[in-house]
Structures are given as structure tokens and as C-alpha cells.
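Here's the letter readout for the chains.
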Amino acid sequence: MIVFDNVNKYFGDFQVLKNINLTIKKGEVVVIIGPSGSGKSTMLRCINRLETVSEGTLTVNGIAVNDKKTDINKVRREIGMVFQHFHLYPHKTVLQNITLAQVKVLGKSEEEAKKTALYYLDKVGIPDKAGSFPSQLSGGQQQRVAIARGLAMNPEIMLFDEPTSALDPEMIGEVLDVMKNLAKEGMTMVVVTHEMGFAREVADRIVFIDQGQILEEAVPEEFYANPKEERARLFLSRIL
Ligand code: ADP
Ligand code: MG
């Protein structure tokens, strides 16, 4: 479903992604970990062309996202993204946050969009927050709204960029639970996170990236118990 084929990415002279090769199949959950500044966010952002690939090809469902002829909006409709800092519209209610793109991008009626929004709010466990503003919610609740907003677009792929790292510890679990359920339902997910419990429970693979290079790719049990790369070992010893 997502294929990185010899992908390089530069910011000016600085090479941020080095020869990335990675294939993610439908229904897979891939967790990306690595030190700060190693290129994790850039990797995710290349998938929906929030960043452009400099060399190589990156395909989503067989469509080259970095091809000039590609209608990127069509690709983006299949991809939901959740960020560390939620990115909700502060002056819109929770319901409006979730219906906006459904109406504008998918062309749904307000009523239809509202129905879908309420369905996903229920699914992420906050059916009673439809009329609230983001500032009236806890961080964990805001992140669950962001997830509901992504799901309401009915995407095939969900990207998560450190979705719990801005949250107070007691709220991390509620967001991870929503993500675990999503994984169990078969959503294709690429998740940047250092949450080992989550990774062990739901990831099919762990990808360790350092200085723009994939150094190791392994199933979670193998990776956490016995990382092959010295840099991965060092990294784990620092975060665990
Ligand atoms: P990570 O998510 O692993 O912390 P990023 O992908 O955000 O890493 O960044 C990787 C490297 O690229 C960092 O050195 C960062 O400073 C640099 N970088 C990220 N975005 C830009 C940008 N828009 N322009 C220049 N450098 C960038
Ligand atoms: Mg990042």
C-alpha cells in the first residue's frame, strides 16, 4: 500500500532521508522509532506530500505521490494524519472540527457529515463533547477528536506523528486504546511513537531510523529483546 523505493530527501544541502526502502502492506501497523531529528516526521510527511521527495519513488496504492501528474488531493483523501499538537481549529466546536473537511473535501451534506462525526466521537469515547470547544477539553480528549476527524474522512491509511508525546501521562492510555482498537479493526497505520507497550501489542514491525537511514527493521519482540544495531541498543537504553 505504501512503498518507499530508494527515497532520498534533502533540505538544501542537508540530506534528511538516505536511501529509504520500505514496504507497508494493507492492514499492517508499522512503528517508526529513532532519535530526535533522525527524519521520522519527514518520512511520514513525504507519504502525503506535505514534504516532497527529492530522489527515488514513493507510491501509495500504486500511485507515485511525487509524480507531477498525480492528483495529490486524491491521494490525500485516503490518508488521515494525526499530529503531536492536535491541530484542531480553536474557534470551532468539536462537531464543526469533524464535519468541516467532510463537507468541503468530500462534498457531503451537513447532516450526513454530522451523523458520521457523532459516530466517530462515540467510537473514540467522547460522544458528549460534540458541542465543546477544544480549549474546554483535556489534551487526551483533544487528541481523540483529532483521531475522530481523521477517521470521519474514511481513509485507508492513518499516519500518527508522536500522538501522545504532548500529553500528560494519565491521558496517554486513552489515546493509545483508541489506536489499538483501530489497529485491531485492520487499519493500515504508520505510527511514530516511543510507546513500547503499544508497539509490542499492535505493531507488525518496528523500523529504527537514525540520521536519515533505516538501520533496523524487525518484529517488536525481536527488536526490543535483542536489537542488532549498536545505535538501536543505545537508543533503547536511553528511552526505557
Ligand atoms: P524527527 O521527526 O525524527 O525528529 P524530522 O523529520 O522532523 O526528525 O527532522 C529531521 C531533520 O531535518 C532535522 O535535522 C530537522 O532539523 C531537519 N528539518 C526538518 N524539517 C526541515 C525543514 N523544513 N527545513 C530544513 N530542515 C528541516
Ligand atoms: Mg518528529
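Here, every reference points to the structure presented above.
All figures in this text were calculated on a predicted structure; none of them were measured in a lab.

What follows is about the sheet that holds strand β9 (residues 205–210). The 6 strands lie next to each other as β6-β7-β8-β3-β9-β10, forming an open sheet whose pairing is mixed. With partners counted over all chains shown, the strands left at the sheet margins are β6 (79–82) and β10 (213–218), one partner each. Averaged over neighbouring strand pairs, the angle between their axes works out to 15° when direction is ignored. Relative to strand β8 (residues 188–192), strand β3 (residues 29–33) runs parallel, the two sharing 4 bridges.

Before going further, it helps to examine the nonpolar core. For soluble globular proteins, nonpolar side chains are generally found buried alongside one another. Judged by nonpolar contacts, the single largest core of 49 residues is most densely connected at Ile 147, Phe 160, Met 179, Met 189 and Phe 223. It is helix α6 (residues 169–184) that contributes the most residues to this core, 8 residues altogether. When residues no more than four places from it in sequence are discounted, the contact partners of Met 179 are Ile 147, Phe 160, Pro 163, Met 189, Val 191 and Phe 198. Met 1, Val 7, Ile 79 and Ile 157 belong to the second largest nonpolar core, which has 30 residues in total.

Another point: the packing of aromatic side chains. Taken as a whole and assessed by the stated rule, the structure comprises 4 aromatic pairs. On the numbers, 5.4 Å between centres and 80° between planes, the contact of Phe 223 with Tyr 224 is edge-to-face. What makes Phe 223 buried here is its relative accessible area of 0%. According to the relative accessible area criterion, Tyr 224 is buried, its value standing at 10%. A network of ring pairs unites the aromatic residues Phe 208, Phe 223, Tyr 224 and Phe 235 as a single cluster.

What counts and what doesn't
- Residues numbered from 1 in each chain as written.
- Chains lettered and ligands numbered in written order.
- Predicted model: local features only at pLDDT ≥ 70, side-chain atom pairs only at ≥ 80, totals over all residues.
- Heavy atoms only, no water.
- Pairing = 2+ DSSP bridges.
- Helix = DSSP H or I, 4+ residues; strand = E, 2+ residues; numbered from the N terminus.
- Axes fitted to C-alpha atoms, helices over the stretch in contact; angles between N-to-C directions.
- Core = buried A, V, L, I, M, F, W, Y, C linked by side-chain atoms within 4.5 Å.
- Buried < 20%, exposed > 50% of the residue type's maximum accessible area, 1.4 Å probe, protein only.
- Contact = heavy atoms within 4.5 Å.
- Phe/Tyr/Trp six-rings, centres within 6.5 Å; stacked < 30°, edge-to-face > 60°.

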